[in-house]
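Structural description and commentary
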Amino acid sequence: VSVTLLVLSIRRPENSLADEEEAEVVIINRRVQKLRKELQRQASQALLGSELRSMPSNIEDQYEAEIRDDELMKVPRLGDNGVAVILQGEEAKQAEKLMEVEAFNIVLSDKIPFSRKLPDARNPKCKDLTYDSDLPSASVVIVFTNEAWSSLIRTVHSVLNGSPTHLLKEIVLVDDCSDRRELQGRLDYYLRTRLPSKVRLLRLTERTGLIRARLAGARSAVGSVLVFLDAHCEVVQNWLEPLLQRIKEKRTAVLVPIIDVIDDKTFEYMYSKSSLDFFQVGGFTWSGHFTWVVVPEAEKARRGSSVAPTRSPTMAGGLFAIERNYFWEIGSYDSQMDVWGGENLEMSFRVWQCGGSLETIPCSRVGHIFRSFHPYTFPGGKDTHGINTARMVEVWLDEYKSLFYMHRPDLLGRDIGDLTERVNLKKRLKCKPFRWYLQNVYPGMFIPTENVEAFGQAQNHQRCLDNLQKGTNGEQYELGLYNCHPKATSSQFFSLTLTGELRQENFCAEIQNPLATPVQVIMFHCHGQKGNQEWRMEDGKLKNVRTDLCLDASDGQRSGKVAAAECSGSLWQTWTWSNSTT
Ligand code: UD2
Ligand code: MN
């Protein structure tokens, strides 16, 4: 089981763009644009060739020919039951290259039929549940910008095939101003000739970002329940009924399915076959990023059954169901949030603080292709995740916002636009304070300045403890050292708790092998059992209680890592914290 869990947590990239990555976004923007131009050039040359052979009499014949060509590329039963497919030879090479454009294996996606069968990944207990015959109807809203044709179309077919006709009122596709050629007239033609009329397409005339695109979709939707999906998903059988059933029982419940991973290279539908009981819920970090966290024991006891609605402190953001009128009552979205990022935590906190609930519905499962970068541009190269998150923080975090800025000093004082409307909404809905949320919804959340002896930067000579950007996918890592930033940032923010944890978010420093040379200091999931994770501050030294070894920076220059060594009078073992509470 532990192996599978590790795989799951690694394969789910954090939805984050750290501040340091802003520059990288711009570079990727340029690289993607360049590659895409080249591909378009190649495609138009190829088109020219085929036009010479058979000049289509009108544009619709052209679309028809393209769609037929595309259908001919499909290999019957390829990827059925969600098995991994490995490409060979030239195809593999081409796939590798195009990973840099689409952020997933587009060559393979183009070959897998639109209606492939998925495994029944559900907990077997789900088969014992029954659903009312008169459930509210759903409008599935899918926003997209420059998504690849085959994964977008597969998403639509998957929803059509996997949802009971009488419950699926419509699918609303919202095109956030894509400029890919195949998403223009060909897409309209495909809808008209291949899909039922309940699939509608809304075109936005300017790029609005996913938040405003979803608002546009929601405004035009007519079903009783809004169900949002990303444009690269596939649903498991009976995914829709348990969501609608729960909303029928509790109108103010906002629901997420279990989000499984569709492997970005092999399209394998990944789920943990040996423990179908297992899934994670949403958490967050103080730098404002979404994380996956285990279901706390108290919640397991409260919900009663492993297939019952499970409270989730936050949601990933892309896949969720909400009663349509409640979506508007509870403040829909912050329409001033741009492009991508932050809206998921905003909605999570808002729903909880203003009287609703956020729940994972274990019998509803949907697969999603997690991409390692954004295959679309960020107009102006802006860090929209950071700015959107700061907007969220200003409205919802109350006095805890200082914690966010301690992790993101770059956002302090930045122009994030006008917040009046959102602040008024919070007043109008009489929402509870963030302190209430922390105490009641997420009591397990670590607060790095409370019940601690010291926090902030831990410095030795000119260097500070640093995560070196590791651990963002939940994996353990070796504790690093790096030149101290002028102020603490998320990577250099640590705490020494009153219980002896040397901690950053949910990672605690531990010694796994005191006999190794050098003795590595590993950041591992906090287990709260002291043991190898207990440290004590003694005359400026940080001593591991079980091994009596001290945190030592002497090899830091060479290795970029901190180690543990026999305690001595060495200055390499003396640490100064930027903030002490004693
Ligand atoms: C996750 C969410 C995503 C969103 C995001 C935070 C999941 C599985 N996905 O990131 O839905 O909540 O966190 O903002 O939880 N899009 C547009 N216009 C844009 C940018 C994106 O329409 O300007 C579309 C895009 O084509 C896609 C959807 O929005 O269909 C989500 O974007 P993503 O897949 O890049 O986000 P993801 O999964 O990294
Ligand atoms: Mn996505």
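These lines cover the structure that appears in this document, whether it is placed above or below. Note that residues are indexed from 1 along each chain, following the sequence as it is written. Naming scheme: in the order in which they are written, chains are lettered from A and ligands are numbered from 1. In keeping with the predicted nature of the model, local features appear solely for residues at pLDDT of at least 70, side-chain atom pairs appear and are counted solely at 80 or more, and the whole-chain, interface and lining totals rest on all residues. Water and hydrogen atoms play no part in the side-chain values, which are based on all heavy atoms of the structure.

Concerning the packing of aromatic side chains
Two aromatic rings are characterised by how far apart their centres lie and by the angle between their planes. Spelled out, the test is: Planes of paired rings set the category: under 30 degrees apart is stacked, over 60 is edge-to-face and the rest tilted, where pairs are Phe, Tyr or Trp rings (Trp by its six-membered ring) whose centres lie within 6.5 Å. Helix and strand definitions follow DSSP, with helices as H or I runs of at least four residues and strands as E runs of at least two, each counted in order from the N terminus. Any residue under 20% of the maximum accessible area for its type is buried, any over 50% is exposed, and the rest in between are partly exposed; the area is computed with a 1.4 Å probe on protein chains only. Two limits define a charge over a ring: the Lys NZ or Arg CZ must be within 6 Å of the ring centre, and within 35 degrees of the ring normal.
The full count for this structure, using the stated rule, is 23 aromatic pairs. Ring plane angle 75° and centroid distance 5.1 Å describe the contact between phenylalanine 349 and phenylalanine 434, whose orientation is recorded as edge-to-face. Of the two residues, phenylalanine 349 is situated in helix α12 (residues 343–353) and phenylalanine 434 in helix α16 (residues 434–440); the sequence distance between them amounts to 85 residues. Its relative accessible area of 1% is what places phenylalanine 349 among the buried residues. Exposure remark for phenylalanine 434: the relative accessible area of 0% places this residue in the buried category. The aromatic ring of tryptophan 149 is capped on one face by arginine 186, whose charged end is 4.6 Å from the ring centroid. The residue whose ring lies beneath lysine 432 is tryptophan 436, and the NZ or CZ to ring-centre distance is 4.3 Å.

Focus: the nonpolar core
Spelled out, the test is: Among the buried residues, those of types Ala, Val, Leu, Ile, Met, Phe, Trp, Tyr and Cys that are joined through side-chain atoms within 4.5 Å form a nonpolar core.
Counting 114 residues, the largest nonpolar core has Ile171, Trp239, Phe284 and Trp286 as the members making the most contacts within it. A per-element tally of this core places strand β6 (residues 253–262) first, with seven residues. If you look at the next biggest cluster of nonpolar residues, it comprises 24 residues, including Ala458, Tyr477, Phe494 and Val519.

Notes on the coordination of the manganese ion (ligand 2)
As a reminder of what qualifies: Coordinating donors are taken to be N, O and S atoms lying within 2.8 Å of the metal, or within 3.2 Å when the metal is Na, K or Ca; because water is excluded from the atom set, some sites may appear incomplete.
On the protein side, the manganese ion (ligand 2) has Asp230 (OD), His232 (NE2) and His368 (NE2) as donor atoms, found 2.2 Å from it. Between consecutive donors of the manganese ion (ligand 2), the numbers of intervening residues give the motif D-x1-H-x135-H. Placement of the pair is aspartate 230 in the loop between β4 (225–229) and β5 (233–235) and histidine 368 in strand β12 (residues 357–369), with a sequence separation of 138 residues. The class of histidine 368 is buried, set by a relative accessible area of 9%.

Some details on the site of ligand 1
Note the following rule: Proximity is defined per residue: if any heavy atom of the residue lies within 4 Å of a molecule or strand, that residue is considered near it. Polar contact criterion, stated in full: a pair of N or O atoms within 3.5 Å, where within protein one must be able to donate a hydrogen and the other to accept it, and residues adjacent in sequence count only if both atoms are side-chain atoms.
Looking at ligand 1, there are 25 residues lining it, with Glu147, Asp176, Gly341, Glu343 and Tyr376 nearest. Within the backbone of valine 143, a nitrogen or oxygen atom sits 2.8 Å from an oxygen atom of ligand 1. Threonine 145 places a main-chain nitrogen or oxygen 3.1 Å from an oxygen atom of ligand 1. Going through the elements one at a time, β1 (138–144) and α8 (210–220) are the ones with two or more residues in the shell around ligand 1.

Focus: the sheet that holds strand β22 (residues 535–538)
Which entries qualify depends on this criterion: Pairing between two strands requires that DSSP report at least two bridges joining them.
The strand order across the open sheet built from five strands is β20-β25-β24-β23-β22, with neighbouring strands paired in antiparallel fashion. Each end of this open sheet is capped by a strand with a single partner; those strands are β20 (519–520) and β22. Here four bridges tie β22 to strand β23 (residues 541–544), and the two strands are oriented antiparallel to one another. Its bridge partner being in β23, glutamate 538 is matched across the sheet by lysine 541.

Considerations on the state of the cysteines
Each disulfide consists of one covalent bond between the sulfur atoms belonging to two cysteines. Put simply, the rule is: Disulfide assignment relies on a single distance test, namely cysteine sulfur atoms paired within 2.5 Å.
Counted according to the given criterion, the structure contains five disulfides. A disulfide bridge connects cysteine 126 with cysteine 363, and the sulfur atoms are separated by 2.0 Å. One quick way to see it: the torsion about the S-S bond of cysteine 126 and cysteine 363 is about -90°, and its sign makes the bridge left-handed. Separated by 237 residues along the polypeptide, cysteine 126 in the loop between α5 (106–111) and β1 and cysteine 363 in strand β12 bring together distant segments of the chain. The burial state of cysteine 126 is the same as that of cysteine 363; both residues are buried. A sulfur-sulfur distance of 2.2 Å marks the disulfide that ties cysteine 508 to cysteine 526. As the torsion about the S-S bond is roughly 95°, the cysteine 508-cysteine 526 disulfide counts as right-handed. Residue cysteine 508 is located in strand β19 (residues 507–510), and its partner cysteine 526 is located in the loop between β21 (522–525) and β22; the two are separated by 18 residues in the primary sequence. In this structure cysteine 508 comes out as buried when scored by relative accessible area, which is 0%.

Observations concerning the packing of helix α13 (residues 384–396) against helix α15 (residues 420–428)
This is how it is decided: Here the axes come from fitting lines to C-alpha atoms, over the contacting stretch only for helices, and the angles between their N-to-C directions go from 0 to 180 degrees. When the near helix sits turned anticlockwise from the far one by under a right angle, the crossing is termed left-handed; a clockwise turn instead gives a right-handed crossing. Note on contacts: a residue pair is in contact if any heavy atoms of the two residues lie within 4.5 Å. Think of it as three bins: nonpolar holds Ala, Val, Leu, Ile, Met, Phe, Trp, Tyr, Cys and Pro, charged holds Asp, Glu, Lys and Arg, and polar takes everything else, Gly as well.
Closest axis-to-axis distance for the α13/α15 pair is 9 Å, and the angle between their directions is 35°. For α13 against α15, the interelement crossing comes out right-handed. Contact with α13, carried on its side by Arg391, Val395 and Trp396, involves Arg422, Val423, Leu425 and Lys426 of α15 and no other residues of that element. Considering only residue class, the contact of α13 with α15 consists of four nonpolar, no polar and three charged.

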